[in-house]
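Structure assessment
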Protein chains: 2
Amino acid sequence: MTALTAAELDSKRIEQKIKQIEVSHFVEEVGLIFEAVGLPRMAGRIFGWLLIANPPHQSMGDLVEVLQASKGSISTMTRLLIQISLIERVSLPGQRRDYFQIKPHAWSQLTQQRMTQITAFRQLAERGLNLLSDQPPQLRQRLQEMHDMHAFLEKRCPYWISDGNKNNNG
Amino acid sequence: MTALTAAELDSKRIEQKIKQIEVSHFVEEVGLIFEAVGLPRMAGRIFGWLLIANPPHQSMGDLVEVLQASKGSISTMTRLLIQISLIERVSLPGQRRDYFQIKPHAWSQLTQQRMTQITAFRQLAERGLNLLSDQPPQLRQRLQEMHDMHAFLEKRCPYWISDGNKNNNG
DNA sequence: AGCTTTGTTCAGTAAGTACTGAACATTCCA
DNA sequence: TGGAATGTTCAGTACTTACTGAACAAAGCT
């Protein structure tokens, strides 16, 4: 195979630079969206990197290096991500290091957590309706709406999870 | 009509005390659940009170008194709630004061916002898939799952909003 | 006009979050 | 055994959030 010309090498270097910037932006973007849903940004950045990393499992040292973060931060945030079932810790034969990777069906877990939140809203609406049990219907309508909407969503949540997984396997 | 006995009066007072405590708990609970979804607790407390208040419209002074909060806080948080379409400002004839009340179909708005978040996740997954466009399918599966799950939810969201409203009108 | 009422603005501050990195604990290797 | 590698813990700190309440602006009343 013929060697690349200097121009071709330059072009490849530029492509790689662009790729690195895109990767960095992607990782930061996942961080921001995690922040938007109430999770720490660093947890999102870890998750973002694990979504695209090759190999898909990364050690703490890898994460420290790639994300330019402290070991303490990576340690705390990886344990948070494990706790909320988005990543898992894996060990490799003959390796002292722990490795982290995206948990299979992580999104089902996240959807489950969204469902838990909907249930909390529905339950709160029921408590509110109890408080207004002696009031006329017009005064209860605010809570009835809240209740009905969330009871409706709650009823369909399980199908979201199961249908969503079928799509993945289909 | 015959006057209540002292014992009956005592019993009613106790009932009212219990009711007040339940109301306070409800309001604080809504505050906590708002906090859990990334909104300020005070916004939740305002919303919680407006869910059960009689009359359903309350002035700033009412909110300051009931919630034992500063005018500055109530001012800032009511404007936040208006901005995210959960409450609205109403004026009453011959009244100088502004009043706030739960916006009709507020929950459709909140569901809309949930959908926006799902769209953001799906779009991010697409960006990630683009980054890994030259990689084998096993490496892309993490992002494919994220994409498929959110594309699936996104497709159904509009029906949940419209079906949820139908339930309310039915 | 002055006064009162009402809602907004924002400086100040308390509290909470989340990050760093040193110290430490654990495990493995020579 | 001592040293190296790895991950955890936590004191310290920077930063952010969100609350208070005084000062202010606007509007209505007398």
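**Here's the deal with the overall build of chain A**
A count of helices and strands for chain A gives six helices and three strands. Ordered by position from N to C terminus, the α and β elements of chain A give α-α-β-α-α-β-β-α-α. The C-alpha atoms of chain A give a radius of gyration of 23 Å, which is well past the 15 Å a tight globule of 170 residues would have. Principal axes of the C-alpha set define a box for chain A whose edges measure 85 × 40 × 35 Å. Of the contacts made within chain A by residues no fewer than 6 positions apart, 47% connect residues no fewer than 24 positions apart. For chain A, the exposed surface amounts to about 9400 Å²; the carbon and sulfur share of it is 52%.

**So, the domain arrangement of chain A**
All names here are of chain A. Domain annotation of chain A identifies domain 1 (7–104) and domain 2 (107–169). Taken together, the four residues of domain 1 in the interface contact four residues of domain 2. Here domain 1 and domain 2 share an interface that buries about 390 Å² over both sides, 68% of which is from carbon and sulfur atoms. Taken together, the links from domain 1 to domain 2 amount to one residue pair in polar contact (both at pLDDT 80 or more). Here the residues of the side of domain 1 that touches domain 2 sort into three nonpolar, one polar and no charged.

**Thoughts on the protein's contact with DNA strand D**
Taken together, 18 residues surround DNA strand D, and among them A:Ser75, A:Arg97, A:Asp98, B:Met42 and B:Ser70 come closest. Here DNA strand D approaches the protein such that, of its atoms within 4 Å, sugar and phosphate make up 63%. A:Arg96 has a polar side-chain atom sitting 3.3 Å from a base nitrogen of DNA strand D. A distance of 2.8 Å is found between a phosphate oxygen of DNA strand D and a side-chain nitrogen or oxygen belonging to A:Arg97. Looking at the surface near DNA strand D, the elements with two or more residues in it are helix H4 (71–83) of chain A together with helix H4 (71–83) of chain B. Ranked by residue count, the leading element in the surface near DNA strand D is H4(A), at four residues.

**A few points about the pairing of strand E2 (residues 87–91) of chain A**
In regular strands, side chains alternate between the two faces of the sheet. All names here are of chain A. Where E2 meets strand E3 (residues 98–102), five bridges bridge the pair, whose relative direction is antiparallel. Residue pairing in the sheet places Val90 in a bridge with Tyr99 of E3. Taken together, E2 and the strand that follows it, E3, pair antiparallel across an intervening segment of six residues, in which Gly94 is found at a positive phi of about 75°.

**Describing the protein's contact with DNA strand C**
By nearness alone, 18 residues border DNA strand C, and A:Ser70, B:Ser75, B:Arg96, B:Arg97 and B:Asp98 come closest of all. Within 4 Å of the protein, the contacting atoms of DNA strand C are drawn from sugar and phosphate to the extent of 65%. Between a phosphate oxygen of DNA strand C and a side-chain N or O atom of B:Arg89, the distance comes to 3.3 Å. Those elements that provide at least two residues to the surface near DNA strand C are H4 of chain A together with H4 of chain B. Of all the elements, H4(B) adds the most residues to the surface near DNA strand C, at four residues. Taken together, the residues of the surface near DNA strand C sort by class into five nonpolar, six polar and seven charged.

**What about the pattern of salt bridges?**
Residue and element names in this part refer to chain A. This model, assessed by the stated rule, comprises 14 salt bridges over all chains. The residue Arg89 makes a salt bridge to Asp98 at a minimum N-O spacing of 2.8 Å. Its relative accessible area of 35% is what places Asp98 among the partly exposed residues. Here Glu154 and Arg122 are joined by a salt bridge, their closest N and O atoms 2.8 Å apart. With Glu154 in helix H6 (residues 137–169) and Arg122 in helix H5 (residues 106–131), this pair connects stretches of sequence that are 32 residues apart. There is no split in this pair, since Glu154 and Arg122 are both buried.

**Remarks on the packing of helix H2 (residues 41–52) of chain A against H4(A)**
Residues and elements named next belong to chain A. Running from N to C, H2 and H4 cross one another at 80°; their axes reach a closest spacing of 9 Å. Relative to H4, the element H2 is oriented roughly perpendicular. Mapping the contact onto sequence places Met42, Ala43, Ile46 and Phe47 in H2 and Ser73, Ile74, Met77, Thr78, Leu80 and Leu81 in H4. Looking at side-chain class alone, the contact of H2 with H4 contains eight nonpolar, two polar and no charged residues.

**Thoughts on the nonpolar core**
For soluble globular proteins, the rule of thumb is that nonpolar side chains tend to be buried together. If you look at the biggest cluster of nonpolar residues, it comprises 43 residues, and the most contacted ones within it are A:Phe34, A:Phe47, A:Ile52 and A:Leu86. Contributions of two or more residues to this core are made by helix H1 (6–36), H2, helix H3 (60–67), H4, E3 and H5 of chain A together with helix H5 (106–131) and helix H6 (137–169) of chain B. In contact with A:Leu86, not counting residues within four places along its chain, are A:Phe34, A:Phe47, A:Leu81, A:Ile102, A:Lys103, A:Ala106 and A:Leu110. Judged by nonpolar contacts, the second largest core, of 42 residues, contains A:Leu132, B:Met42, B:Leu51 and B:Ile74.

**Observations concerning the relation of the copies chain A and chain B**
For the pair chain A and chain B, the superposition axis carries a translation of 0.0 Å, the fit reaches an RMSD of 0.1 Å, and the rotation angle comes to 180°. Put plainly, the chains are arranged around a two-fold axis. Among all C-alpha atoms of chain A, that of A:Gly38 lies closest to the rotation axis, at 2.6 Å. When the interface residues of chain A are mapped onto chain B, 98% of them again lie at the interface, so the same face is used by both copies.

So, how was this worked out
Residues numbered from 1 in each chain as written. Chains lettered and ligands numbered in written order. Predicted model: local features only at pLDDT ≥ 70, side-chain atom pairs only at ≥ 80, totals over all residues. Heavy atoms only, no water. Helix = DSSP H or I, 4+ residues; strand = E, 2+ residues; numbered from the N terminus. Rg over C-alpha atoms; globule rule 2.2 N^0.38 Å. Contact = heavy atoms within 4.5 Å. Areas by Shrake-Rupley, 256 points an atom, 1.4 Å probe, with all protein chains shown as cover. Domains from an automatic or database assignment. Buried area = accessible area lost by both parts, 1.4 Å probe. Polar contact = N/O pair within 3.5 Å; in protein donor to acceptor, adjacent residues only side chain to side chain. Nonpolar A, V, L, I, M, F, W, Y, C, P; charged D, E, K, R; others polar. Near = heavy atom within 4 Å. Pairing = 2+ DSSP bridges. Salt bridge = Lys/Arg side-chain N within 4 Å of Asp/Glu carboxyl O. Buried < 20%, exposed > 50% of the residue type's maximum accessible area, 1.4 Å probe, protein only. Axes fitted to C-alpha atoms, helices over the stretch in contact; angles between N-to-C directions. Parallel < 35°, antiparallel > 145°, perpendicular 65-115°, else oblique. Core = buried A, V, L, I, M, F, W, Y, C linked by side-chain atoms within 4.5 Å. Least-squares fit on C-alpha atoms with pLDDT ≥ 70 in both.

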